[in-house]
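Structure at a glance
Given next are the chains, with one letter for each unit.
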Amino acid sequence: MMRVVRGFYSVAHSVKLCRPNVICAYPITPQTEIVENLAEMYANGELEKCRYITAESEFAAASILVGASATGARTFTATCSQGLILMSEVLFNAAGMRLPIVIVNTNRAVSAPLSIWNDLQDSMALRDAGIIQIYVENNQEAHDAIPQAYRIAEDRRVLLPTMVCMDGYKLTHAYEPIDLLDQSLVDSFLPPYQPAAYLTTKKPLAFGCYAPPHIYMEFRVAMQNAMERAKAVMNEVFREWAEVSGRDWGQHLEVVYPDSRVFVVSMGSIVGLLRKVVEELRKKGYDVGLIKIRTFRPFPVEDLKRSLSNAEKIIVIDRSLSLGHEGNLSIELKSALYGSSANIISMILGLGGRDIPKEFLEKLLEDAILGKESSGFKGVKDFEEVIP
Amino acid sequence: MKLKINLGAISEPLQSENLKTGDWGTEWAYVDKEKCTACRICEQFCPEGCIEVKEQDKEKFAVVDHRYCKGCGVCASVCPHEAIKMEIKELFRLEVC
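Summary of the structure given here. All values reported here derive from a predicted model rather than from experimental measurement. (Residues numbered from 1 in each chain as written. Chains lettered and ligands numbered in written order. Predicted model: local features only at pLDDT ≥ 70, side-chain atom pairs only at ≥ 80, totals over all residues. Heavy atoms only, no water.)

Before going further, it helps to examine the overall build of chain A. A tally of helices and strands in chain A yields 12 helices and 15 strands. Its C-alpha atoms give chain A principal-axis dimensions of roughly 70 × 55 × 55 Å. Burial status across chain A gives 58% buried among its 388 residues. Long-range contacts, defined as pairs at least 24 residues apart, comprise 80% of the intrachain contacts of chain A with a sequence gap of at least 6. Surface accessibility of chain A: about 16,600 Å² in total, with carbon and sulfur atoms responsible for 54%. (Helix = DSSP H or I, 4+ residues; strand = E, 2+ residues; numbered from the N terminus. Buried < 20%, exposed > 50% of the residue type's maximum accessible area, 1.4 Å probe, protein only. Contact = heavy atoms within 4.5 Å. Areas by Shrake-Rupley, 256 points an atom, 1.4 Å probe, with all protein chains shown as cover.)

This is the structure:
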């Protein structure tokens, strides 16, 4: 059923169809309306066998979900920015305890200075947590990503928290026509969660126990193995989703014009704009293609190597930065392509919601293709730091 | 034999009994049976749960399980009858010349 809804609702509706047992969240802009929508559904009795719990902080929300997930409940939360960082201590634990919590992160810049606007810095901070990260381009993809996230997270070969990352404001607040899923489709795609082990008074267990040096390392290797297995599981799930829903979002990557010699690589909502820009550049005669990275963790190294094996120039568009080094996606891509002779140009733009107009991006990419633009921050004003 | 690790570091009850923490510290608690009145205060305060009042020859007194005692000294400091003393382990009795 096609309906014009906001990004918030596209997520909330999809979460409802996944029949979660526990939803727990703390409000934070630009996420709040997702859980407000879910709270309304809960109040209206639309969520069966579900508890909606209000928490006093994101730390508490994540902790409540760790407990709930350990009892075998299907769990959901949404957060971003400072909230995600406050959750991080708990989320590292959730990953180590192999709890398939599904999180929607509405990507937002981090403080200080305080910014409620969009970039990808928050989820990048959780890069090493053992959480699967999927980045979506638009609200239909966000809507479709939720049942897939549960399937991936709850697969016995994986069992890791999974985070769907959607750009704050650019997606969350945008109205888009969304083909809302039916309950029957989601029910046939996503079976009830069958936990491998769970807490019950009949069989007491402790999750995430103490591991001295002689045993700790094996648990981390087991998590890395699960991440590696997740790559194949995600391929299966993505393919099956394309079949049942009729919408094919690609695999770990979506490659547009695969035979190009120049590639633009990015992720998130900016890919929508890049599609248009790449079309314009091709009309001007440039041999340029586009790679949309859909999964950032596990990082699709083999797929990138294959897709970029003949690339001469790669332009990476980053919207986050590892302070003291460079753009996060560039770091990952350069590591994945180690030994490649391709010229990699790393551009950082759009931090803290800085506007990225189409004309600006088109000029930037054209200049980069022509060798007139090099790596660095783009769209930054000339400034001087002074002491007040 | 292959090492077996539990998914998510999940553990069954009482597995921590296998973790003998008695060799961690430099001291162990010792109970003076004569002074001990079996009041059980030490039992409640011991963070390891390794001091317990037991009955022997119709006498009741606290017994320290040195397989788990980390030598924190909490029992000695809460004992109202000064019946518990912390003593340095043989291993650490070094003579400094």
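There is more to say, and it comes next.
Bringing the nonpolar core into the picture now. When a protein is soluble and globular, its nonpolar side chains tend to lie buried together. Residue and element names in this part refer to chain A. Formed by 52 residues in total, the largest nonpolar core has its most connected members in Val11, Ile34, Leu38, Phe76, Val104, Ile132 and Ile146. It is helix H8 (residues 213–245) that provides the largest number of residues to this core, a total of eight residues. With residues up to four places along the chain from it excluded, the contact list for Ile132 reads Ile152, Val158, Leu160, Pro161, Thr162, Met163, Met227, Ala230, Met234, Arg297 and Pro298. (Core = buried A, V, L, I, M, F, W, Y, C linked by side-chain atoms within 4.5 Å.)

Residue and element names in this part refer to chain A. Packing of helix H9 (residues 270–283) against helix H12 (residues 358–369) brings their axes to within 10 Å, and their N-to-C directions diverge by 60°. As far as their axial angle goes, H12 and H9 are oblique. For the element pair H9 and H12, the recorded crossing hand is right-handed. On H12, the residues that touch Ile270, Leu273, Leu274, Lys276, Val277, Glu280 and Leu281 of H9 are Lys358, Leu361, Glu362, Leu365, Glu366 and Ile369. Here the residues of the contact of H9 with H12 are counted per class, giving eight nonpolar, no polar and five charged. (Axes fitted to C-alpha atoms, helices over the stretch in contact; angles between N-to-C directions. Parallel < 35°, antiparallel > 145°, perpendicular 65-115°, else oblique. Left-handed = near helix turned anticlockwise from the far one by under 90°. Nonpolar A, V, L, I, M, F, W, Y, C, P; charged D, E, K, R; others polar.)

Looking now at the sheet that holds strand E11 (residues 288–293) of chain A. Sheet strands pair via backbone hydrogen bonds, and the direction of the pair is either parallel or antiparallel. Residues and elements named next belong to chain A. Spatially, six strands are ordered E9-E11-E10-E13-E14-E15 in an open sheet, and the strand pairing comes out mixed. Across the chains shown, the open sheet's two edge strands, defined by having one partner strand only, are strand E9 (253–256) and strand E15 (376–377). As paired strands, strand E14 (residues 343–348) and E15 are joined by two bridges and run parallel to one another. Of the residues in E15, the one forming a bridge with Ile348 is Phe377. Against the sheet, H9 engages E9, strand E10 (262–266), E11 and strand E13 (313–318), with an angle of about 170° to E11. Running at roughly 145° to E13, helix H11 (residues 328–336) makes contact with E10, E11, E13 and E14 of the sheet. (Pairing = 2+ DSSP bridges.)

Taken together, the side chains of Asp32(B), Glu34(B), Asp57(B) and Glu59(B) define an acidic patch exposed on the protein surface. Following the sequence through the fold, Glu34(B) ends up in the loop between strand E1 (27–31) and helix H1 (41–45). (Patch = residues over 30% accessible without salt bridge, like charges linked within 9 Å, V, L, I, M, F, W, Y side chains within 5 Å. Salt bridge = Lys/Arg side-chain N within 4 Å of Asp/Glu carboxyl O. Lys, Arg positive; Asp, Glu negative; His and termini not counted. Charge placed at Lys NZ, Arg CZ, Asp CG, Glu CD.)

Residues and elements named next belong to chain A. Per the stated rule, a full pass over the model turns up four aromatic pairs over all chains. Taken together, a centroid distance of 5.9 Å and an interplanar angle of 35° make the contact between Tyr42 and Tyr52 tilted. Residue Tyr42 is located in helix H2 (residues 32–43), and its partner Tyr52 is located in strand E3 (residues 51–54); the two are separated by 10 residues in the primary sequence. Among the residues examined, Tyr42 registers a relative accessible area of 28% and is labelled partly exposed. Here Tyr52 falls in the buried class, since its relative accessible area comes to 16%. Between Phe296 and Phe299, the aromatic rings sit 5.6 Å apart at their centres with planes inclined by 75°, giving edge-to-face as the arrangement. According to the relative accessible area criterion, Phe296 is buried, its value standing at 0%. Grouped by ring-pair contacts, the aromatic residues Tyr135, Phe296 and Phe299 constitute a single cluster. (Phe/Tyr/Trp six-rings, centres within 6.5 Å; stacked < 30°, edge-to-face > 60°.)

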